[in-house]
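Here are the chains, one letter per residue:
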Amino acid sequence: VVSLSLGAACSFRMKHGPNDPETTVVLESGDAILFGGPARHIMHAVTDLQKGTCPAHLRDMVRGRVPGDPAEWRLNLTWRHAPELRGLEGGDRFHILGSPTATFVATAREKGLAAARAEANARKLARKQKKARRRFGTDCALGAGCDRPCCAPRTTRTHLDFV
């Protein structure tokens, strides 16, 4: 993954996992970041935009063409290498995240996009049901309206309930 920043500078935060320490870097206009190997899946976010840092030539170029103040304009261009998706470009537009990509693409090539989506949705429902069984000890289909704990109405408590 290559990410190119244009326009106003920003703070870019990243970390490998939820409990890992964050690293923050300032991305200026023209800076690029390369994510490779395990870093392709890092958690990342733009957290702050530094107003007034958009280069003058870009401000002049976007003035009147984009909403808002051109001094705060920022654009990120991202390129990803995904050869496993070659051949599926024209039929439909979709965005796939995570490890099931290879299974989805293989199914789409073998059975078509509709079948691949149906199988992916069935796997998603099975994961939800498994989570419900672990959490509530039941095979409920998540909201079927039974009288077990999984479908029982939940009450929301506020600080006034404890006073």
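Given the structure is predicted, the values throughout are model-derived calculations rather than measurements.

Draft legend 1. Representation of the confidence of the model for the chain. In this model, the chain carries a mean pLDDT of 75, and residues with pLDDT of at least 70 account for 69%. Looking across the chain, the model is least confident in helix α2 (residues 101–111), with a mean pLDDT of 79, and most confident in strand β3 (residues 23–27), with 91.

Draft legend 2. Spatial organisation of the pattern of salt bridges. Enumeration over the complete set of coordinates arrives at three salt bridges. When the shortest N-O distance is used, the salt bridge between R13 and E22 registers 3.5 Å. The partner of E119 in a salt bridge is K111, with the nearest N and O atoms 2.8 Å apart.

Draft legend 3. Structural context of the nonpolar core. Core analysis: the largest hydrophobic core is formed by eight residues, namely V1, C10, F12, M14, L27, I33, F35 and I42. Counting residues per element, this core draws most heavily on strand β2 (residues 10–15), at three residues. A8, C54, L58 and W73 belong to the second-largest nonpolar core, a separate cluster that totals five residues.

Draft legend 4. Representation of the pairing of strand β1 (residues 2–7) within the structure. Where β1 lies against strand β4 (residues 32–34), three bridges are found, and the strand directions are antiparallel. For L4, the partnering residue across the bridge sits in β4 and is A32. Here β1 runs beside strand β6 (residues 74–79); their pairing, made up of six bridges, is antiparallel. For G7, the partnering residue across the bridge sits in β6 and is R74.

Draft legend 5. Here's a closer look at a nonpolar patch on the surface. Judged by side-chain polarity, V2, L34, L75, L77 and W79 come together as a nonpolar surface patch covering roughly 460 Å² of accessible area. Here the element with the most residues in the nonpolar patch is β6; it accounts for three residues.

Draft legend 6. Summary view of the sheet that holds β1. Strands sit in the order β4-β1-β6 across an open sheet of three strands; the sheet is antiparallel. The sheet is open, and its two borders are formed by β4 and β6, each paired with just one other strand. Strand-to-strand twist across the sheet, computed as the mean angle between neighbouring axes with direction ignored, equals 15°.

Draft legend 7. Up close: the pairing of β2. Among the six residues that make up β2, five are buried, leaving the element largely enclosed by the rest of the structure. As paired elements, β2 and β3 share five bridges and run antiparallel to each other. Among the inter-strand pairings, R13 is bridged to a residue of β3, identified as T24. When β2 meets strand β5 (residues 43–49), the two strands line up antiparallel, connected through six bridges. Looking at the pairing, M14 lines up with H44 of β5.

What counts, and where the lines are drawn
Residues numbered from 1 in each chain as written. Predicted model: local features only at pLDDT ≥ 70, side-chain atom pairs only at ≥ 80, totals over all residues. Heavy atoms only, no water. pLDDT = per-residue confidence, 0-100. Helix = DSSP H or I, 4+ residues; strand = E, 2+ residues; numbered from the N terminus. Salt bridge = Lys/Arg side-chain N within 4 Å of Asp/Glu carboxyl O. Core = buried A, V, L, I, M, F, W, Y, C linked by side-chain atoms within 4.5 Å. Buried < 20%, exposed > 50% of the residue type's maximum accessible area, 1.4 Å probe, protein only. Pairing = 2+ DSSP bridges. Patch = residues over 30% accessible without salt bridge, like charges linked within 9 Å, V, L, I, M, F, W, Y side chains within 5 Å. Areas by Shrake-Rupley, 256 points an atom, 1.4 Å probe, with all protein chains shown as cover. Axes fitted to C-alpha atoms, helices over the stretch in contact; angles between N-to-C directions.

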